[in-house]
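Next come the chains, spelled out residue by residue.
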Amino acid sequence: MACIHYRFSFQTNYNFIPLNGLPMTVSDLKGLIMKKEHLKPSNCDLKISNDRDEEYTDETTRLEKYSCVIIRRIPARVLVHNPKNAPRKARTCNANSLLVRAETGDDGATLTSTGRCVKSADKGWNEQENKDPAVPDELKCVICKLLMVNAAIVPCCGYSFCDNCIRTVLLESEEHICVACQETVSPDSIVPNLALRRAVANYESIIHQGWEDRA
């Protein structure tokens, strides 16, 4: 039977997707693998490479029968509507980037999680004087070591991480092992830690207010 062989990067044995005789696009193959492996598009996406570990970046590429591919699970991409000329939302407070108040439409302007419009300060500022204080441990993700973004909690041990960080770790683990307690936990069971998200927002607000007072 004509087919395309695939395996996840952490596996050694190949599985297969039947082929009706015609070449199959990378996009179609991805959809069939997601369905066969019971994966949800809202939780993860798939990165597909050939047997030489060269990624297929064009999803219209057609794969011939008996092709062998390697699959990697990655976090789902979240598309956010961004009105024209609106500043992009900042990911985190960056200890190496000094921010000052900005106006919508200014070059380099970004939005903080508290809705403030800011941009990087001039390099002429005294770096030591305006240095961002160390992020409190309770607000820091133990995976990326940075201020948490979209804090999320795992039910197995109650630890919190950046939502993207913990999902990436779990999706890359064959048995979905939690980095904190080493227990198996499904990515579907991760829930937002709303209290911690508010604490992060308050921390950002205090830090940014201090920068604005010095501007």
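See above for the structure.
Residues numbered from 1 in each chain as written. Predicted model: local features only at pLDDT ≥ 70, side-chain atom pairs only at ≥ 80, totals over all residues. Heavy atoms only, no water.

Caption draft 1: Region of the structure containing the overall build of the chain. For the chain, the count of helices and strands is three helices and 13 strands. Within the chain, the proportion of its 215 residues that are buried is 37%. Taking the intrachain contacts of the chain between residues at least 6 apart in sequence as the baseline, contacts between residues at least 24 apart amount to 51%. Split by element, the accessible area of the chain, about 13200 Å² in all, is 49% carbon and sulfur. (Helix = DSSP H or I, 4+ residues; strand = E, 2+ residues; numbered from the N terminus. Buried < 20%, exposed > 50% of the residue type's maximum accessible area, 1.4 Å probe, protein only. Contact = heavy atoms within 4.5 Å. Areas by Shrake-Rupley, 256 points an atom, 1.4 Å probe, with all protein chains shown as cover.)

Caption draft 2: Structural detail: the pattern of salt bridges. Under the defined criterion, the tally for this structure stands at seven salt bridges. With its nearest N and O atoms 2.3 Å apart, the salt bridge here joins Lys-30 to Glu-59. Of this pair, Lys-30 sits in helix H1 (residues 26-36) while Glu-59 is found in the loop between strand S4 (44-50) and strand S5 (62-63), placing the two residues 29 residues apart along the sequence. Overall, Lys-30 belongs to the buried group, its relative accessible area being 10%. The partner of Arg-72 in a salt bridge is Asp-53, with the nearest N and O atoms 2.8 Å apart. Separated by 19 residues along the polypeptide, Arg-72 in strand S6 (residues 68-75) and Asp-53 in the loop between S4 and S5 bring together distant segments of the chain. On the basis of relative accessibility, which here comes to 29%, the residue Arg-72 falls in the partly exposed class. According to the relative accessible area criterion, Asp-53 is partly exposed, its value standing at 41%. Each of the salt bridges in this network shares a partner with another, and the network as a whole consists of Lys-30, Asp-45 and Glu-59. (Salt bridge = Lys/Arg side-chain N within 4 Å of Asp/Glu carboxyl O.)

Caption draft 3: Up close: the nonpolar core. By size, the foremost hydrophobic cluster in this structure holds 21 residues, and its most contacted members are Leu-139 and Met-148. Here this core gets four residues from one element, more than from any other, and that element is helix H3 (residues 194-214). Filtering out sequence-adjacent residues up to four positions away, Leu-139 remains in contact with Leu-146, Leu-147, Met-148, Leu-196, Ala-199, Val-200 and Tyr-203. Ranked by size, the runner-up nonpolar core spans 19 residues in total, among them Ile-4, Leu-19, Val-26 and Val-69. (Core = buried A, V, L, I, M, F, W, Y, C linked by side-chain atoms within 4.5 Å.)

Caption draft 4: Quick peek at H1. Of all the positions in H1, only Val-26, Leu-29, Lys-30, Ile-33 and Met-34 are classed as buried. Taken around the axis of H1, the buried residues stretch over an arc of 135 degrees, which confines them to a single face. Remark: His-38 follows H1 within two positions and exhibits a positive phi of approximately 60 degrees. (Arc of directions from axis to C-beta.)

Caption draft 5: Inspection of the sheet that holds strand S12 (residues 160-162) at higher detail. Strand order in the open sheet made by the three strands is S12-S11-S13, with antiparallel pairing throughout. Edge strands, defined here as strands with exactly one partner in the open sheet, are S12 and strand S13 (191-192). The pairing of strand S11 (residues 151-153) with S13 spans two bridges and is classified as antiparallel. The residue bridging Ala-152 from the neighbouring strand is Pro-192, located in S13. Contacting S11 and S12, helix H2 (residues 163-172) crosses the sheet at an angle of about 95 degrees to S12. (Pairing = 2+ DSSP bridges. Axes fitted to C-alpha atoms, helices over the stretch in contact; angles between N-to-C directions.)

Caption draft 6: Spatial organisation of the environment of Ala-180. In this fold, Ala-180 is placed in the loop between H2 and S13. Judged by relative accessible area, which is 34%, Ala-180 ranks as partly exposed. Sequence-wise, Ala-180 and Cys-156 are 24 residues apart; in three dimensions their C-alpha atoms are separated by 9.2 Å. Setting aside anything within four residues of it in sequence, one finds Ala-180 in contact with Cys-157, Tyr-159 and Phe-161.

Caption draft 7: Spatial organisation of unusual backbone geometry. The phi angle at Asp-53 is positive, at roughly 65 degrees, despite the residue not being glycine. One non-glycine residue, Lys-145, lies in positive phi territory at about 65 degrees. Look at Lys-145 and you get exposed, because its relative accessible area is 55%.

Caption draft 8: Representation of the environment of Pro-41. Examined against the element boundaries, Pro-41 turns out to sit in the loop between H1 and S4. Through-space distance from the C-alpha of Pro-41 to that of Gly-31 is 9.0 Å; in sequence the pair is 10 residues apart.

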